[in-house]
Amino acid sequence: MNRITMDLRGLTPPEPMVRIISALGDDEIEATLPHQPVPLYAMLEERGYLHEVVRDEPGLCVVRIRRRP
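Source: prediction; values computed, not measured.

**Let's talk about the sheet that holds strand β3 (residues 49–57)**
(1) Moving on: With mixed pairing, four strands are arranged side by side in an open sheet as β1-β2-β4-β3. Pairing within the sheet leaves two strands with one partner each, and these edge strands are β1 (3–7) and β3. Going from strand to strand, the sheet's axes swing by 15 degrees on average, the running direction of each strand aside.
(2) Moving on: Across eight bridges, the pairing between β3 and strand β4 (residues 60–67) is antiparallel. Looking at the pairing, Tyr-49 lines up with Arg-67 of β4.
(3) Moving on: Docked against the sheet, helix α1 (residues 15–23) engages β1, β2 (28–33) and β4, running at close to 170 degrees with respect to β2.

Rendered as structure tokens:
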């Protein structure tokens, strides 16, 4: 499995979520955002993806996304 890295800081909503949803596939995505994308989590679940917040601090959130096994 490959990993796609995306730095989505600086984009205005909903562009970060649009880019993540567009990139969904078999590869793992590691997305860097300015905050947790809470509305995205339900969308990922509906599409059969898991997410893991690997870093969460003021102004920086890193989320890994992968297809559910």
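**A look at unusual backbone geometry**
(1) Moving on: Each neighbour pair has its own omega, and for Pro-13 with Pro-14 the value is 5 degrees, a cis peptide bond.
(2) Moving on: Positionally, Pro-14 belongs in the loop between β1 and α1.

**Concerning the layout of surface pockets**
(1) Moving on: Taken as a whole, the largest pocket spans an internal volume of roughly 170 Å³.
(2) Moving on: Pro-13, Pro-16, Met-17, Leu-33 and His-35 are, among the 13 residues lining the largest pocket, the residues nearest its centre.
(3) Moving on: Contributions of two or more residues to the lining of the largest pocket are made by α1 and α2 (38–46).
(4) Moving on: Of the residues assigned to the lining of the largest pocket, the class counts are eleven nonpolar, two polar and no charged.

**What to know about the pairing of β4**
(1) Moving on: Sheet topology note: the β2/β4 ladder contains five bridges and is antiparallel. Bridge pairing in β4 links Leu-33 to Cys-61.
(2) Moving on: Taken together, β3 and the strand that follows it, β4, pair antiparallel across an intervening segment of two residues, in which Gly-59 is found at a positive phi of about 85 degrees.

Cut-off values and rules
Residues numbered from 1 in each chain as written. Predicted model: local features only at pLDDT ≥ 70, side-chain atom pairs only at ≥ 80, totals over all residues. Heavy atoms only, no water. Pairing = 2+ DSSP bridges. Helix = DSSP H or I, 4+ residues; strand = E, 2+ residues; numbered from the N terminus. Axes fitted to C-alpha atoms, helices over the stretch in contact; angles between N-to-C directions. Contact = heavy atoms within 4.5 Å. 1 Å grid on protein atoms, 1.4 Å probe; cavity = no way out; pocket = protein on both sides within 12 Å on 5 of 7 lines; lining within 4 Å. Points joined across faces, edges and corners; volume = space filled by probe spheres on them. Nonpolar A, V, L, I, M, F, W, Y, C, P; charged D, E, K, R; others polar.

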